[in-house]
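Letter by letter, the chains look like this.
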Amino acid sequence: MPDLSYDSALPLNPVTDVLGERDGVVVTRCSYDNAEGGRVDGYLVFPSGALLAGDDLAGVVYQHSTGGREAFLPEAIQVAEAGGIALSLAIADTGDSVRNLRESILAIRRGADLLTSYGVERLGCVGHSMGAMMAGTVSGIDHRFRCFVFDSGMSGMSIFYRETPYKEIKALRESMTPEVYEPLLALMEPYDCGHFVGSAAPAALLFQSAWFDQNVSRAQCEAFFAAGSEPKEFRWYDTGHVINEVAAYSDRARFLAQWLELPGLPDRLRART
């Protein structure tokens with residue numbers, strides 16, 4: 001397995017830029033040093049005054065690969081409305097497929113470092129697509145998290161690169177000879193979350209999959225779920241790859257509320273729908 005450890009004493013050098021404050025919630029652009037590579041950019045959202053209060057807080061690290069750092073921002077705001085702190089990130093985009101895996105995985109872990117520096121003691125993580133796979137790898141190596149939500153995930157990016165009909169990856173696959181493509185998959189395979197998610201316990205796992213996902217097959221979704229440790233739940237939705245059904249948001253909110261002791265989170269979702 002790859003070495004994904006790092007010096008926890010590395011400085012984060014966080015920088016925040018307040019975008020606005022509304023209804024007791026502060027939304028900031030945020031950046032911090034990753035353990036490898038450069039800076040991680042995202043949105044940090046928190047209740048007014050929470051970063052100075054030193055309270056026992058809940059926090060969520062989100063990572064979205066289809067919609068970028070903005071995609072989970074509304075849910076991050078709902079976490080803050082319920083009294084928690086949330087960080088919404090994109091995946092790394094370095095131009096190097098293996099480097100993207102390492103930096104995206106470490107970005108989640110360094111995001112946890114950032115939230116714990118503000119007093120967060122109850123941590124959750126939500127990932128979409130590649131973000132779900134990165135979160136799955138984190139689940140087996142970073143046991144600070146109480147729970148994980150995997151939205152449109154599968155057992156690893158090497159499997160995705162080998163099997164998906166997604167046009168950009170399919171074009172890449174067809175443009176390279178097996179002599180070139182297979183070594184790339186071999187470099188990616190050790191990071192596959194299927195190797196890690198079975199060691200997530202005691203963290204709770206929620207798997208969310210779409211019946212009409214053209215990028216991830218039903219069999220791949222079920223194999224990912226089967227690899228996960230207990231306790232775990234599996235939910236299906238009538239959507240494509242971007243799961244935008246209200247029931248999916250509700251299930252996530254309920255799950256995070258339960259495991260992070262944020263009882264007001266489902267109410268915030270209902271207030272917005």
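Residues numbered from 1 in each chain as written. Predicted model: local features only at pLDDT ≥ 70, side-chain atom pairs only at ≥ 80, totals over all residues. Heavy atoms only, no water.

Visitor: What's the story with the packing of aromatic side chains in this structure? I'm lost.
Guide: Where two aromatic rings form a pair, the distance of their centres and the angle of their planes describe that pair. Counting across every chain of the model gives 13 aromatic pairs. Note on F148 and F150: the rings are 6.0 Å apart at their centroids and 20° apart in plane angle, and the pair reads as stacked. Note on accessibility: F148 and F150 belong to one class, buried. Aromatic side chains W211 and W236 sit 4.4 Å apart centroid to centroid with 20° between the ring planes, which places their arrangement in the stacked category. Placement of the pair is W211 in the loop between strand 8 (204–210) and helix 8 (218–227) and W236 in strand 9 (residues 232–237), with a sequence separation of 25 residues. For W236, a relative accessible area of 22% gives the class partly exposed. Joined through ring pairs, the aromatic side chains of F145, F148, F150, F207, W211, F224, F225, F234 and W236 make up one cluster. (Phe/Tyr/Trp six-rings, centres within 6.5 Å; stacked < 30°, edge-to-face > 60°. Buried < 20%, exposed > 50% of the residue type's maximum accessible area, 1.4 Å probe, protein only. Helix = DSSP H or I, 4+ residues; strand = E, 2+ residues; numbered from the N terminus.)

Visitor: Help me out: how do you make sense of the pattern of salt bridges in this one?
Guide: Any two side chains of opposite charge can pair, given that their charged atoms come close. Using the criterion set out here, one finds 17 salt bridges in the structure. Note that R29 and D17 form a salt bridge whose closest N and O atoms lie 3.1 Å from each other. With R29 in strand 2 (residues 25–33) and D17 in strand 1 (residues 15–22), this pair connects stretches of sequence that are 12 residues apart. Where E70 meets R69, a salt bridge forms, and the shortest distance between an N and an O atom there is 3.8 Å. For E70, a relative accessible area of 41% corresponds to the partly exposed category. The class for R69 is partly exposed, based on a relative accessible area of 22%. (Salt bridge = Lys/Arg side-chain N within 4 Å of Asp/Glu carboxyl O.)

Visitor: Looking at this structure, how should I read the packing of helix 3 (residues 97–117) against helix 4 (residues 130–139)?
Guide: When two helices pack together, their arrangement is given by the angle between the helix axes and the distance between those axes. Remark: helix 3 packs on helix 4, axes separated minimally by 9 Å, with the N-to-C direction vectors making an angle of 65°. Considering their axes alone, helix 3 and helix 4 lie roughly perpendicular with respect to each other. The handedness of the crossing between helix 3 and helix 4 comes out as right-handed. Note on element contacts: helix 4 touches helix 3 through M130, M134, A135, T137 and V138, opposite N100, L101, S104, I105, I108 and R109. The residue makeup of the contact of helix 3 with helix 4, split by class, is seven nonpolar, three polar and one charged. (Axes fitted to C-alpha atoms, helices over the stretch in contact; angles between N-to-C directions. Parallel < 35°, antiparallel > 145°, perpendicular 65-115°, else oblique. Left-handed = near helix turned anticlockwise from the far one by under 90°. Contact = heavy atoms within 4.5 Å. Nonpolar A, V, L, I, M, F, W, Y, C, P; charged D, E, K, R; others polar.)

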